[in-house]
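Listed below are the residues making up each chain.
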Amino acid sequence: MFRRTFTFTLILGLMLGLLPIASAQEDTTTFTIRLTNLSQPLPITEAGVFNTPIDGNEPAPAFPNSAYSFDVHGVPGDVLSFATMLVQSNDLFFAPDPAGIPLFDEMGTPIEGDITAQVLLWDAGTEVNEAPGEGPNQAPRQTAPNTGDDEMGVVGEVNDGFSYPAVTEYIRVTIVPHTDM
């Protein structure tokens, strides 16, 4: 469904761009244009939400020294990708590089330990950033969701001129393989 809609929209845009040229000539030639999405789909083997801290009974923020935990199943070649918000910001979040974090090393052995170094601070590009922890359009100070000025940007590593502590000063991400699951 998405592919069909995307192709139709793009062909319509091309046709509208060609109409003034074609109508200005007496002998016109009709062209059929076909655009095919050749990208290979990436399999998503598991998806979910982590929103309840280990020490909690219901969804809530992870306050200082609190943590979330979740399980994933993987085979060699699988990667981990996740996103979690930096609350004292307009639209910043922590996530790995788009390629994800490999769950296994080159020898096929499950990885283990602290993987925080593979996590980056990203800007979703949806709201203009304000000084970290000070902006009136940042949770928990904002009066409603999406109250900040529209940034109309793109997702990328944060680069807004403000100073942020290292990712390792905000969060720690550890991974422990379980062979008994």
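The structure this text deals with has already been given above.
First, a word on what this report is: a plain description of the structure on this page.

What counts as what
- Residues numbered from 1 in each chain as written.
- Predicted model: local features only at pLDDT ≥ 70, side-chain atom pairs only at ≥ 80, totals over all residues.
- Heavy atoms only, no water.
- Helix = DSSP H or I, 4+ residues; strand = E, 2+ residues; numbered from the N terminus.
- Buried < 20%, exposed > 50% of the residue type's maximum accessible area, 1.4 Å probe, protein only.
- Lys, Arg positive; Asp, Glu negative; His and termini not counted.
- Salt bridge = Lys/Arg side-chain N within 4 Å of Asp/Glu carboxyl O.
- Polar contact = N/O pair within 3.5 Å; in protein donor to acceptor, adjacent residues only side chain to side chain.
- Contact = heavy atoms within 4.5 Å.
- Pairing = 2+ DSSP bridges.

1. Describing the side chain of aspartate 91
Then, number 1: Its location among the elements puts aspartate 91 in the loop between strand S2 (84-85) and strand S3 (92-96).
Then, number 2: Although aspartate 91 is buried, it forms no salt bridge, and the closest oppositely charged side chain is arginine 141 at an N-O distance of 12 Å.
Then, number 3: At 2.9 Å, the side chain of aspartate 91 and the backbone nitrogen of glutamate 127 are in polar contact.
Then, number 4: Among residues more than four places away in sequence, those in contact with aspartate 91 are Trp122, Asp123, Ala124, Gly125, Thr126, Glu127, Asn129 and Glu151.

2. Describing the sheet that holds S3
Then, number 1: A sheet is described by the order of its strands in space; here four strands give the open sequence S2-S3-S6-S7, paired in antiparallel fashion. Every other strand in the sheet has two partners, leaving S2 and strand S7 (156-157) as the edge strands with one partner each.
Then, number 2: Where S3 and strand S6 (residues 119-123) come together, five bridges link them in antiparallel fashion. In the sheet register, phenylalanine 94 faces S6, and the bridge partner there is leucine 121.

3. Quick word on the side chain of aspartate 123
Then, number 1: As for its placement among the helices and strands, aspartate 123 is situated in strand S6.
Then, number 2: One buried charged side chain, aspartate 123, makes no salt bridge at all; its nearest oppositely charged neighbour is arginine 141, positioned 15 Å away.
Then, number 3: Of the polar contacts made by the side chain of aspartate 123, one reaches the side chain of asparagine 129; its length is 2.8 Å.
Then, number 4: Not counting residues up to four positions away in its chain, the partners in contact with aspartate 123 are Asp91, Leu92, Phe93, Asn129, Glu151, Val154, Val155, Gly156, Glu157 and Val158.

4. Some details on the environment of histidine 178
Then, number 1: The topology assignment puts histidine 178 in the segment after strand S8 (174-175).
Then, number 2: By relative accessible area, histidine 178 is classed as partly exposed at 45%.
Then, number 3: Along the sequence, histidine 178 and aspartate 71 sit 107 residues apart, while their C-alpha atoms lie 9.3 Å from each other.

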